[in-house]
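Observations on chain architecture
Letter by letter, the chains look like this.
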Amino acid sequence: MARDADQLKNCADLGQGLDRAREYSPFLSRMADRHGEIAAYLAGGAVDDAWAALPAVEGEEGDICRSLRLRRGGIALIAGVADLAGVWDFDTVTRTLSDFADEAVHAALMAAFAERYPDEEPRGFAVIALGKHGSQELNYSSDIDPILIFDPETLPRRAKEEPVEAAVRIARRMVEILSARDGDGYVFRIDLRLRPSPEATPVALPVEAAISYYESMALGWEQAAFIRARVCAGDHTLGDYFLRAIRPFIWRRSLDFGAIDAILDISRRIRDHYASGQAFGPGFDLKRGRGGIREVEFFAQVHQLIHGGRHPELRTGATRTALRALAEGDVIDQATAHRLDEAYVLLRTIEHRLQMVDDRQTHELPANRDALDNVAHLHGLENGEALLGLLRPQVEWVGANYDKLAPDKEAEKFSSTPERLTEQLAALGFADAETATTRIMRWRDGSVRALRTSSAREALEDLLPNLFAGLAHAPDPVSALNRLDDMIRRLPSAINFFKLLAAQPVLVTMLTQILSHAPALADDLGRRAELLDGLIDASALEPIPELPELVEWLASGEEGDDYQLLLDRVRQKIGERRFALGAQIVCGAVDPLEVGRGYGRLAEGAVEVLARATQEEFARAHGRVPGCELVIVALGRMGGGILTYASDLDLIYLFTGQYNTESDGAKALGATQYFNRLAQRIGNALSVPTASGPLYEVDTRLRPFGAQGLLAASLDSFARYQSENAWTWENLALTRARPIFGSGAARTAVQQVIDQALRRERDGAMITADAVKMRGEIARHKPPAGPLDIKLAEGGLVDLEFLVQVTQLVHRTGFDPDLGASVRALSASGLLPESMGAAHDLLTRYLVVSRLVSPASTEPPEATKMLVAQRCGAKDWADLLAMLDAARQSVSREWRAIVDSVPPSEPNEEK
């Protein structure tokens, strides 16, 4: 019964819609007369039957043009009546119109090819849809804006016909079929002016020439235009190749705040050029007016261009989908997205009503009151005033929201004269204003590479007042300014960096803190200024996700990415998150121990993703070794899962199965050679710098037989080595071993070997004596850099590691790669005092923080001491020194007891 009621309602609604169309739309009235069968079905509420009655597209010569025009008229009638009746929603209407555009372009291109090359498919020629056609949001009376490309190597052509001549002839014939008018109307107006340099280039472009243009010469508005680009007809392989090639031009990895300027400049020009349609009321331009359709679209596109290079989920052409994605990604808030979506649908719907009247590509509300009333009646409203009342609140809100993209700049510009500039800097609170003036004047003179262009210097001038206001209140303004100067001098280009800071003032404060406190982060910024981009993301100050989610994120990329692109992408992502973790310490957002674990998970994720990809790449040439599998084992801090900002990775490579097996690929290798080559490739994937910079230093010297041994050993030989040949120092190192790559079964097999090696009976006295001797040699050959070298100084982390490892091996208990967990396990067993857990945590926190603020392990600068103290949980620097002294004394006391337990006759350097 409910279904019958719905059908009756649709029937009544469609009938009313058809009546309104006949009364208020001369165009739809003509279409109803011309397509009587379709109109009859609509009057009876049968949309599906009306659609089935549409004229088919005839492929025969002479019929293609007429059949497309007739089909277009029938579709306009069905969509118009279904829209007016409310039976179809906005998305259904625009998608239907867009699908017909695809159908028409395909049919016209096929006809053009058939006329010139009867036996050829349309290979070597592709149609790239842009604008609302590209995003599948066409209006009732839209033109379409394709770019036509061809491949000279595969495009069919006649004898003595140049490829460009053949392509232009096909293009012109296709356009003629679609745009020529007769008594049946036309199919689509075609605008080919969005191609590069339309006044000088042929209507169809060679694909490589087009790619070269977009890679090197394209303008900002062209970047925005390609957000909506897609292949709609022709050779899809060619079209997809073109769009993949120019993807880096559209979606730039670094946040592209220059896009704001480009799009806002277009908006200003539109507002100026269409000044008469800016004021709301009769004559208002729904598309180009302030608060109109274009400003909703531009608002979405600005944020897509800024963030889409880093977040592929934002790369959607349709405006409504883009707004939802931006809200889901926390780029804009949900309320803003909802209000913009609501406004967009209303503005586009009324635009449709304007175009339904006479099939004209118009966007302006009629200035004539009778004509305005007619549009209102078509929409089902009483009169034009009711229509204006419906639109006004949405238009005003959209305009006000869009204006926020370019807020008024309140800060006074810096003077061009040194004297006045010094006064301005002093007024900001800059203690050494003359030094700051000297730096600014040097930046202005064009001698710095990143500031040689006028656009870069303009961007700097816009930023200077806010930047130096932040620097003036930095903990160490002079050091911050010096590091900023060093950074700018190393940058190849600074314009986007300056625009980013100007657009995100909160980053100026964060930057001054980094420049004041964290030379390691400042140095990395000097090499990759776009690292600052990552701090805009909502996730920047959150902990690193757990490993499965992290691996999925690191491995995610673009369709068609190859192995080299993966290497670059992983380096970019790891660099950004590692930098963000350092910023978390500077900002005090996260416990340094959690940051250290975040560094560890990042490294483990990188090993998982790159080892897996390298293994797949290697297998393409050499196949796989049946019954054998690579396992990567982490040791040292990597094994324990807590790293610092600049930690290297201690790794060893093992393989399960029989060493005398051979791989099954085209270039077969024996198992030992196979896994040694594979291990070398993985090491390179982790360590060799690419265009995106370095990743990690990898240290494999802890493998069996050290530097003299094979890079990858079989698990059986590793087990024998640990049982028969391992030195005491290798036994100690093994306490922190942890398999981090390989199948679950393979990791379990390796872990069993490690456990057996650790738990076997040993001569406790010999282990202790050897360990004491080794610690003495370390002290002699690698002395601490100063009293605050928390790793190497007496009572520091090296002493704690020796203490824990000797206790573990002698008592055969408390084994855990995580040093902190081992300390607590041994304390729970009564083998170490409970104070060791707190000592471990404090010393590790200090190490993680100091590697950022004082990489040389010396005392941090005066201005940074309070930050270090607070991050380590102390009230001030003096309190931290007292806490460190107590922790180190407790460690030293326990280690000294072990040293003193070694008989005097033993070779002991520390005794």
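Residues numbered from 1 in each chain as written. Predicted model: local features only at pLDDT ≥ 70, side-chain atom pairs only at ≥ 80, totals over all residues. Heavy atoms only, no water.

**Concerning the overall build of the protein chain**
Formally: Helix and strand assignments follow DSSP, with helices taken as H or I runs no shorter than four residues and strands as E runs no shorter than two, numbered in order from the N terminus. To sort residues, take the accessible area from a 1.4 Å probe on protein chains only and compare it with the maximum for the residue type: under 20% means buried, over 50% means exposed, and anything in between is partly exposed. Only the protein chains shown count as cover for residues, with accessible areas throughout obtained via the Shrake-Rupley method and a probe of 1.4 Å.
Tallying secondary structure elements over the protein chain gives 39 helices and nine strands in all. Structurally, the protein chain occupies a C-alpha span of about 115 × 75 × 70 Å along its principal axes. Within the protein chain, buried positions represent 56% of all 911 residues. Total accessible area on the protein chain is roughly 38100 Å²; 49% of this is exposed by carbon and sulfur atoms.

**Regarding the packing of aromatic side chains**
Short version of the rule: What counts as a ring pair is set by centres within 6.5 Å for rings of Phe, Tyr and Trp (its six-membered ring), and what kind of pair is set by the plane angle: stacked under 30 degrees, edge-to-face over 60, tilted for all other angles. Consider the ring centre and the ring normal. A charge sits over the ring if Lys NZ or Arg CZ is within 6 Å of that centre and within 35 degrees of that normal.
Taken as a whole and judged by the stated rule, the model has 20 aromatic pairs. Measuring from ring centre to ring centre gives 6.1 Å for Phe 226 and Phe 242, while their planes differ by 65°; the resulting arrangement is edge-to-face. Of this pair, Phe 226 sits in the loop between helix H10 (220-225) and strand S4 (230-234) while Phe 242 sits in helix H11 (residues 236-245), and the two are 16 residues apart along the sequence. Each of the two residues, Phe 226 as well as Phe 242, counts as buried. Between Tyr 674 and Phe 675, the aromatic rings sit 5.0 Å apart at their centres with planes inclined by 75°, giving edge-to-face as the arrangement. Each member of the pair, Tyr 674 as well as Phe 675, carries the same accessibility label: buried. Members of the aromatic cluster, joined through ring pairs, are Tyr 213, Tyr 214, Phe 226, Phe 242 and Phe 249. Above the plane of the ring of Trp 553 lies Arg 577, whose end atom (NZ or CZ) is 5.8 Å from the centre.

**Description of unusual backbone geometry**
Despite not being glycine, Arg 812 has its phi angle at roughly 55°, a positive value. Here Arg 812 lies in the loop between helix H35 (797-811) and helix H36 (819-828). Accessibility expressed as a relative area gives 37% for Arg 812, which makes it partly exposed. Phi is positive for Ser 857, close to 65°, though the residue is something other than glycine.

**Here's the deal with empty space enclosed by the protein**
Formally: A cavity, in this analysis, means grid points on a 1 Å lattice covering only the protein atoms where a 1.4 Å probe fits yet has no way out; a pocket is instead an open set bounded by protein on both sides within 12 Å along at least five of seven lines, and a residue lines either one if it has an atom within 4 Å of a point. Grid points are joined across faces, edges and corners, and a volume is the space filled by probe spheres set on the points. When residues are sorted by character, Ala, Val, Leu, Ile, Met, Phe, Trp, Tyr, Cys and Pro go into the nonpolar class, Asp, Glu, Lys and Arg into the charged class, and all the rest, Gly among them, into the polar class.
Counted by the stated rule, this structure contains six cavities of 30 Å³ or more. For the largest cavity, the calculated volume is near 80 Å³. Along the walls of the largest cavity sit Arg 72, Ile 75, Ala 76, Leu 97, Phe 100, Leu 138, Asn 139, Tyr 140 and Phe 188, which together make up its complete lining. Looking at the lining of the largest cavity element by element, the count peaks at three residues for helix H5 (residues 64-85). Residues belonging to the lining of the largest cavity are distributed by class as follows: seven nonpolar, one polar and one charged. One number sums up the size of the second largest cavity: a volume of about 60 Å³. Lining the second largest cavity, in full, are Leu 635, Ile 652, Leu 702, Arg 703, Pro 704, Phe 718, Tyr 721, Gln 722, Trp 729, Glu 730, Ala 733 and Leu 734. Top element by residues in the lining of the second largest cavity is helix H32 (residues 728-734). It accounts for four residues.

**Description of the nonpolar core**
Within soluble globular proteins, side chains that are nonpolar tend to cluster in buried spots. Counted only if it meets this: Residues enter a nonpolar core if they are buried and are Ala, Val, Leu, Ile, Met, Phe, Trp, Tyr or Cys, with the set joined through side-chain atoms within 4.5 Å. Contacts are assigned to residue pairs that have any heavy atoms within 4.5 Å of one another.
Membership of the largest hydrophobic core comes to 165 residues, with the highest contact counts inside it found for Trp 443, Phe 468, Leu 535, Ile 632, Phe 675 and Leu 880. It is helix H28 (residues 592-622) that provides the largest number of residues to this core, a total of 12 residues. Contacts of Phe 675, omitting those with residues within four sequence positions, involve Val 625, Cys 628, Glu 629, Leu 630, Phe 655 and Ala 712. By size, the runner-up hydrophobic cluster in this structure holds 104 residues, among which are Leu 28, Leu 42, Ala 166 and Ile 306.

**Brief notes about the sheet that holds S4**
Condition: Two strands pair if DSSP finds at least two bridges between them. To obtain an axis, a line is fitted to C-alpha atoms, over the contacting stretch when the element is a helix, and the angle between two such axes runs from 0 to 180 degrees between their N-to-C directions.
If you walk across this open sheet you meet the four strands as S3-S2-S1-S4, and the pairing is mixed. In this open sheet, the two strands that pair with only one neighbour each are strand S3 (204-206) and S4. The sheet shows a mean angle of 35° between the axes of neighbouring strands, direction not considered. In the sheet, strand S1 (residues 125-129) pairs with strand S2 (residues 147-150) via four bridges, with the strands oriented antiparallel. Each bridged residue has a counterpart across the sheet, and for Val 127 the counterpart in S2 is Leu 148. Taken strand by strand, helix H8 (residues 163-179) contacts S1, S2 and S3, and its axis lies near 145° from that of S2.

**Things to note about the environment of Val 506**
Tracing the backbone through its elements, the reader meets Val 506 in helix H24 (residues 505-517). Accessibility expressed as a relative area gives 55% for Val 506, which makes it exposed. Put simply, Val 506 and Val 688 are 182 residues apart on the chain and 35 Å apart in space, counted from C-alpha to C-alpha.

**Some details on the environment of Arg 442**
By the secondary structure assignment, Arg 442 is in helix H20 (residues 433-444). Judged by its relative accessible area of 30%, Arg 442 falls in the partly exposed class. Sequence separation between Arg 442 and Ser 647 is 205 residues, and the spatial gap between their C-alpha atoms is 37 Å.

**Quick word on H8**
Note the threshold: Residue count minus one, scaled by 1.5 Å, sets the expected span of a helix.
End to end, H8 covers 24 Å across 17 residues, agreeing with the expected 24 Å (1.5 Å per residue, within 8%). Among all positions in H8, only Pro 163, Ala 166, Ala 167, Val 168, Ile 170, Ala 171, Met 174, Val 175, Ile 177 and Leu 178 are buried.

**Here we look at the packing of helix H37 (residues 835-853) against helix H38 (residues 862-871)**
Going by this rule: For classification purposes, angles smaller than 35 degrees are called roughly parallel, those larger than 145 roughly antiparallel, those between 65 and 115 roughly perpendicular, and all remaining angles oblique. For any helix crossing, the convention is left-handed if the near helix is rotated counterclockwise from the far helix by under a right angle, and right-handed if that rotation is clockwise.
Between H37 and H38, the shortest axis-to-axis distance is 9 Å and the interhelical angle comes to 150°. Classified by the angle their axes make, H37 and H38 are roughly antiparallel. Of the two possible hands of crossing, H37 and H38 adopt the one that is right-handed. Mapping the contact onto sequence places Arg 845, Tyr 846, Val 849 and Val 853 in H37 and Thr 864, Leu 867, Val 868 and Arg 871 in H38. Here the contact of H37 with H38 is composed, by residue class, of five nonpolar, one polar and two charged.

**Describing the pattern of salt bridges**
Convention followed: Each reported salt bridge corresponds to a side-chain nitrogen of Lys or Arg within 4 Å of a carboxyl oxygen of Asp or Glu.
Summed over the entire model, instances satisfying the criterion amount to 45 salt bridges. Measuring nitrogen to oxygen at the nearest pair gives 2.4 Å for the salt bridge that ties Arg 527 to Asp 524. With Arg 527 and Asp 524 both in helix H25 (residues 519-527), this residue pair falls three residues apart, about one helical turn. Here Arg 747 ties to Glu 608 by a salt bridge, and the two come within 3.6 Å at their closest N and O atoms. Residue Arg 747 is found in helix H33 (residues 744-759), and its partner Glu 608 is found in helix H28; the two are separated by 139 residues along the sequence. The class for Glu 608 is buried, based on a relative accessible area of 16%. In this structure, a network of salt bridges that share partners links the residues Lys 132, Glu 137, Arg 228, Arg 294 and Glu 297.

**Considerations on the pairing of S4**
Taken across its five residues, S4 has four buried, putting it largely inside the fold. Where S1 lies against S4, four bridges are found, and the strand directions are antiparallel. If you follow Ala 129 over to S4, its bridge partner there is Arg 230.

**Concerning the confidence of the model for the protein chain**
Operational definition: pLDDT measures how confident the predictor is about each residue, on a scale from 0 to 100.
Counting all residues, the mean pLDDT for the protein chain is 89, and 94% of those residues have values of 70 or more. Per-residue pLDDT stays below 50 along residues 1-5; that stretch engages in zero contacts with residues further than four places along the chain or on separate chains. When the criterion is pLDDT under 50, residues 906-911 qualifies, and its contacts beyond four places in sequence or with other chains add up to 16 contacts.

**Thoughts on the environment of Arg 527**
Selection rule: Here a polar contact is taken to be a pair of N or O atoms separated by no more than 3.5 Å, where protein atoms must pair a possible hydrogen donor with a possible acceptor and residues adjacent in sequence count only if both atoms sit in side chains.
By relative accessible area, which is 55% here, Arg 527 ends up exposed. In sequence terms Arg 527 and Val 688 are 161 residues apart; their C-alpha atoms lie 16 Å from each other. For Arg 527, the side chain forms a polar contact with the side chain of Asp 524, separated by 2.4 Å.

**What about the state of the cysteines?**
As a reminder, the rule being used: Cysteine sulfurs are considered disulfide-paired once they come within 2.5 Å of each other.
On inspection of all chains with the given rule, the structure shows zero disulfides. Not engaged in a disulfide, the cysteine Cys 872 finds its nearest cysteine sulfur in Cys 587; these two sulfurs lie 16 Å apart. Take Cys 872: its relative accessible area is 5%, and that puts it in the buried class.

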